[in-house]
Amino acid sequence: MILPSRIYPVVDRAVWVDRLGGAGARLIQLRVKDLPADDLLAEIRTARALAARHGVCLVLNDYWQLALDEGIDFIHLGQEDLDNADLAAVRRGGIRLGVSTHAPDELDRALSVGPDYVALGPVWPTKLKQMPWAPQGVERLGEWKRLVGPVPLVAIGGITLARAAACIAAGADCVSAVSDFIGAPDPEGQVRAWLAATADPSE
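Treat the numbers as computed from the prediction; the structure is a model and nothing was measured.

Trainee: Hey, could you run me through the overall build of the protein chain in this one?
Mentor: Helix and strand content of the protein chain: ten helices and eight strands. The C-alpha radius of gyration of the protein chain comes to 16 Å, within 12% of the 17 Å expected for a compact globule of 203 residues. Each principal axis of the C-alpha distribution contributes one length, and for the protein chain these read about 40 × 40 × 35 Å. Counting the 203 residues in the protein chain, one finds 52% classified as buried. Partitioning the contacts of the protein chain with sequence separation of at least 6, the portion at a separation of at least 24 is 51%. Put simply, the protein chain has 20 plus and 26 minus side-chain charges, and the middle of one group is 3 Å from the middle of the other.

Shown next as structure tokens:
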């Protein structure tokens, strides 16, 4: 498949789907942690409605059963999530799947489930969470792309506006970030800047 955008903000609340989608982001992941069940469901439903309004492809992190229940057609799973997800049910439901990878064995596992994209990270050090893996570096993106072939490759981890174009040049099909979007002084302007930085000059 071809992802709908070269930029991929990851956000923690539905309101960001409205703001970043309104600025031109067309691929956004909702990654919500530690909310009560009712609040979580409300966030997912609001994000789904806002994504539809802006023509955004919404990816839900982790909650594959809620994706099935709520009509979210794209999920992202980490390696540990693959242990518990009913991938057969996910596929029967027509849900597309992205998978995180950090090492060669994880890439092999990800490719074995027929993902719609593979994410590699962290490309640079990230402060968002403790990572047991050393930064991969942009060179690893080229290696991964040769291994995944036509499967879209998403770069994530420590990526900033200044680093985004280097990831695309190294082989990534798409670049993802959290804080460089939602932590920016002007998040909408940041979306437009990322879109310009990663644009294909031939288009």
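Trainee: Would you explain helix α10 (residues 187–197) in this entry?
Mentor: Since the α-helix advances by 3.6 residues per turn, residues separated by three or four positions end up pointing in the same direction. Buried within α10 are the following residues: Pro-187, Glu-188, Gly-189, Gln-190, Val-191 and Trp-194. On its buried face, α10 sits against β1 (7–11), α1 (15–22), α8 (161–170), β8 (174–177) and α9 (179–182).

Trainee: Please clarify how helix α6 (residues 104–112) should be interpreted in this entry.
Mentor: Looking at α6, one finds that the buried residues are Glu-106, Leu-107 and Ala-110. For α6, the arc enclosing every buried residue in end-on projection is 100 degrees, short of the 170-degree limit, so these residues lie on one face. Among the exposed residues of α6, those pointing more than 90 degrees away from its buried face are Pro-104, Asp-105, Asp-108 and Ser-112. Contact partners of the buried residues in α6: α4 (79–82), β5 (96–101), β6 (117–120) and α7 (138–148).

Trainee: It is not clear to me how the pattern of salt bridges should be interpreted in this structure. Could you clarify?
Mentor: Side chains that carry opposite charge are capable of pairing whenever their charged atoms lie near each other. Tallied over the entire structure, the rule returns ten salt bridges. Between Arg-53 and Asp-18 there is a salt bridge; the shortest N-O distance is 3.9 Å. Separated by 35 residues along the polypeptide, Arg-53 in helix α2 (residues 37–54) and Asp-18 in helix α1 bring together distant segments of the chain. Note on Asp-18: relative accessible area 28%, which makes it partly exposed.

Trainee: What should I look at first to understand the packing of α1 against α10 in this one?
Mentor: Following both chains from N to C, one finds α1 and α10 inclined at 50 degrees, their axes separated by 8 Å at the closest point. By the angle class used here, α1 and α10 are oblique. Regarding α1 and α10, the two cross each other, and that crossing is right-handed. From α1, Trp-16, Arg-19 and Leu-20 reach across to α10, where they touch Pro-187, Glu-188 and Val-191. When the residues that make up the contact of α1 with α10 are grouped by side-chain class, the tally is four nonpolar, no polar and two charged.

Cut-off values and rules
Residues numbered from 1 in each chain as written. Predicted model: local features only at pLDDT ≥ 70, side-chain atom pairs only at ≥ 80, totals over all residues. Heavy atoms only, no water. Helix = DSSP H or I, 4+ residues; strand = E, 2+ residues; numbered from the N terminus. Rg over C-alpha atoms; globule rule 2.2 N^0.38 Å. Buried < 20%, exposed > 50% of the residue type's maximum accessible area, 1.4 Å probe, protein only. Contact = heavy atoms within 4.5 Å. Lys, Arg positive; Asp, Glu negative; His and termini not counted. Charge placed at Lys NZ, Arg CZ, Asp CG, Glu CD. Arc of directions from axis to C-beta. Salt bridge = Lys/Arg side-chain N within 4 Å of Asp/Glu carboxyl O. Axes fitted to C-alpha atoms, helices over the stretch in contact; angles between N-to-C directions. Parallel < 35°, antiparallel > 145°, perpendicular 65-115°, else oblique. Left-handed = near helix turned anticlockwise from the far one by under 90°. Nonpolar A, V, L, I, M, F, W, Y, C, P; charged D, E, K, R; others polar.

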